[in-house]
Amino acid sequence: MQTPQTDAQTDLPLSTAYNGKDRNAFLFGWTPQAELWNGRFAMIGFLAYLLWDLAGYSVARDVLHLIG
């Protein structure tokens, strides 16, 4: 049986993807880690847009105002 890898600084076990790499590693290319980072950045962008909209700078409202 294989022993799980641990983080050198915290001595906590690493959560690995099916390719055997650290799931939180910032790897370039079409990797499972890239999908995780893409989702994280998408959530940050969506939250930033919601906060921007709540502050009164609604892009969607301005575009709809121009159309109709």
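In the block above lies the structure referred to throughout.
Here's a quick rundown of the structure. (Residues numbered from 1 in each chain as written. Predicted model: local features only at pLDDT ≥ 70, side-chain atom pairs only at ≥ 80, totals over all residues. Heavy atoms only, no water.)

1. Quick notes on the overall build of the protein chain
Phase 1 of the analysis: The helix and strand tally for the protein chain stands at 2 helices and 0 strands.
Phase 2 of the analysis: Expressed as a percentage of the 68 residues in the protein chain, the buried residues total 6%.
Phase 3 of the analysis: The contacts in the protein chain between residues at least 6 apart in sequence include a share of 0% that link residues at least 24 apart. (Helix = DSSP H or I, 4+ residues; strand = E, 2+ residues; numbered from the N terminus. Buried < 20%, exposed > 50% of the residue type's maximum accessible area, 1.4 Å probe, protein only. Contact = heavy atoms within 4.5 Å.)

2. Looking at the side chain of Ser 58
Phase 1 of the analysis: Within the secondary structure layout, Ser 58 lies in the loop between α1 (32–54) and α2 (59–67).
Phase 2 of the analysis: Filtering out sequence-adjacent residues up to four positions away, Ser 58 remains in contact with Tyr 49 and Asp 53.

3. Considering the packing of aromatic side chains
Phase 1 of the analysis: Applying the stated rule across the entire model yields 2 aromatic pairs.
Phase 2 of the analysis: Ring centres of Trp 37 and Phe 41 lie 5.8 Å apart, and the angle between their planes is 40°; on these two criteria the pair is classed as tilted. Highlighted residues: Trp 37 and Phe 41, both in helix α1, separated by 4 residues, approximately one helical turn.
Phase 3 of the analysis: When its relative accessible area of 23% is taken as the criterion, Trp 37 is described as partly exposed.
Phase 4 of the analysis: Between Trp 52 and Tyr 57, the ring centres sit 4.8 Å apart and the planes meet at 35°, which makes this aromatic pair tilted.
Phase 5 of the analysis: With a relative accessible area of 46%, Trp 52 lands in the partly exposed category.
Phase 6 of the analysis: A cation over an aromatic ring shows up here: Arg 40 above the ring of Trp 37, its NZ or CZ 4.9 Å from the ring centre. (Phe/Tyr/Trp six-rings, centres within 6.5 Å; stacked < 30°, edge-to-face > 60°. Lys NZ or Arg CZ within 6 Å of the ring centre and 35° of its normal.)

4. Here's the deal with α1
For an α-helix, 3.6 residues make a turn, and residues three or four places apart therefore share a direction.
Phase 1 of the analysis: In this model, α1 (23 residues) spans 33 Å end to end at C-alpha, consistent with the 33 Å of a helix rising 1.5 Å per residue.
Phase 2 of the analysis: Of the residues flanking the end of α1, it is Gly 56, one or two places downstream, whose phi is positive at about 105°. (Expected span 1.5 Å × (residues − 1).)

5. Some details on the environment of Asp 22
Phase 1 of the analysis: For Asp 22, the location among the structural elements is in the segment before α1.
Phase 2 of the analysis: With relative accessibility at 27%, the residue Asp 22 sits in the partly exposed group.
Phase 3 of the analysis: Sequence separation between Asp 22 and Gln 33 is 11 residues, and the spatial gap between their C-alpha atoms is 8.0 Å.

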